[in-house]
Amino acid sequence: MNQVQILVLDFGSQYTQLIARRLREFGVYTEIVPYFENLESMRAKNPKGIILSGGPASVYEEGAYKPDSGVFELGVPVLGICYGMQYIAHHFGGKVIRAKEQEFGKARLEIIECKSPLFANVKQDSIVWMSHADKVQTIPQGFSELAKSDNTHYCAIADFQRQIYALQFHPEVVHSECGGEILKNFAVQICEASTDWNMKNFIAYEIAKIREITGFKSQD
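Residues numbered from 1 in each chain as written. Predicted model: local features only at pLDDT ≥ 70, side-chain atom pairs only at ≥ 80, totals over all residues. Heavy atoms only, no water.

## Here's the deal with the pattern of salt bridges
- Taken as a whole and assessed by the stated rule, the structure comprises nine salt bridges.
- E25 is the partner of R22 in a salt bridge, and the nearest nitrogen-oxygen pair spans 4.0 Å. Of this pair, R22 and E25 both sit in helix 1 (residues 16-25), separated by three residues, roughly a single helical turn.
- Owing to a relative accessible area of 17%, R22 belongs among the buried residues under this scheme.
- By relative accessible area, E25 is classed as exposed at 54%. (Salt bridge = Lys/Arg side-chain N within 4 Å of Asp/Glu carboxyl O. Helix = DSSP H or I, 4+ residues; strand = E, 2+ residues; numbered from the N terminus. Buried < 20%, exposed > 50% of the residue type's maximum accessible area, 1.4 Å probe, protein only.)

See the structure below:
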């Protein structure tokens, strides 16, 4: 049976499926669930880590998408991407504001905290892909700045004690040069996720699950 290694909460980003795809390419079994997924359901999946995806909304608006706040109490590392980062900053008491200009396209990543496992084997000044209209103006207490770009002061932040990480850019898209490495670092180095998943195992698992549901038994 495939145990979920990384659980992705979907906040409506057009790139959410790419997060799971990139991690599966590294052999990390990843599942996507809606951002409002029940906390007990998440706990039952027993993931090694959780990723909060991007999304088109603004965290400070009424009715903004918010997960169960207990997601930070599950005892596993959490990574927020774009909207996910803004939600983390907002939730823990930081300040998120409308940027003067929407940032869309390539940016140069200047890593400040090179010793962070999130940026292991990630080269300095690599290209990352931005797509956001809001930005984090003030980071919450307990968080540290890990990286910045020419136009964005807080490109990456982290609370090492609570194992909460956040990125303003999209590591899942191909335009982010070292994005796959960053996702892998989070899943494998930080979350200690297994990398033994492959499509063959997944198909066998799905067939077995269908047989269990339907009561069908193989004739061979």
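## So, the side chain of S53
- Topologically, S53 is positioned in the loop between strand 3 (49-52) and strand 4 (78-81).
- Separated by 3.4 Å, the side chains of S53 and T16 make a polar contact.
- Those residues in contact with S53, other than ones at most four positions away along the chain, are V8, L9, D10, F11, G12, S13, T16, I19, I81, Y83 and G84. (Polar contact = N/O pair within 3.5 Å; in protein donor to acceptor, adjacent residues only side chain to side chain. Contact = heavy atoms within 4.5 Å.)

## Details of the packing of aromatic side chains
- Under the defined criterion, the tally for this structure stands at 10 aromatic pairs.
- Judged by centre distance (5.8 Å) and plane angle (50°), the ring pair of F92 and F143 falls under tilted. Of this pair, F92 sits in the loop between helix 3 (83-91) and strand 5 (95-111) while F143 sits in the loop between strand 6 (126-138) and strand 7 (144-148); the two residues are 51 residues apart in sequence, bridging distant segments of the chain.
- Under the relative-accessibility criterion, F143 is labelled buried at 7%.
- Here the aromatic cluster, defined as three or more aromatic residues joined through ring pairs, consists of F11, Y35, F36, Y65 and Y83. (Phe/Tyr/Trp six-rings, centres within 6.5 Å; stacked < 30°, edge-to-face > 60°.)

## Thoughts on the environment of I127
- Examined against the element boundaries, I127 turns out to sit in strand 6.
- Through-space distance from the C-alpha of I127 to that of L109 is 6.1 Å; in sequence the pair is 18 residues apart.

## Side note on the nonpolar core
- In terms of nonpolar packing, the biggest core is built from 33 residues, with I6, I51, L118, F119 and F186 touching the most fellow members.
- Among the elements that line this core, the one with the most residues is helix 4 (residues 179-190), at five residues.
- With 32 residues, the next largest nonpolar core counts F11, I157, I164 and A166 among its residues. (Core = buried A, V, L, I, M, F, W, Y, C linked by side-chain atoms within 4.5 Å.)

## Thoughts on helix 4
- Over its 12 residues, helix 4 extends 15 Å from the first C-alpha to the last, a length consistent with the 16 Å expected when each residue adds 1.5 Å.
- Listed in full, the buried residues belonging to helix 4 are G179, G180, I182, L183, N185, F186, A187 and I190.
- Among the structural elements, strand 1 (6-10), helix 1, strand 3, strand 4 and strand 9 (164-167) are those in contact with the buried residues of helix 4. (Expected span 1.5 Å × (residues − 1).)

## Brief notes about unusual backbone geometry
- One non-glycine residue, Q163, lies in positive phi territory at about 60°.
- Inspection of the secondary structure assignment puts Q163 in the loop between strand 8 (156-159) and strand 9.
- Of the residues examined, Q163 reaches a relative accessible area of 26% and is grouped as partly exposed.

What is shown is where atoms sit, not what they do.
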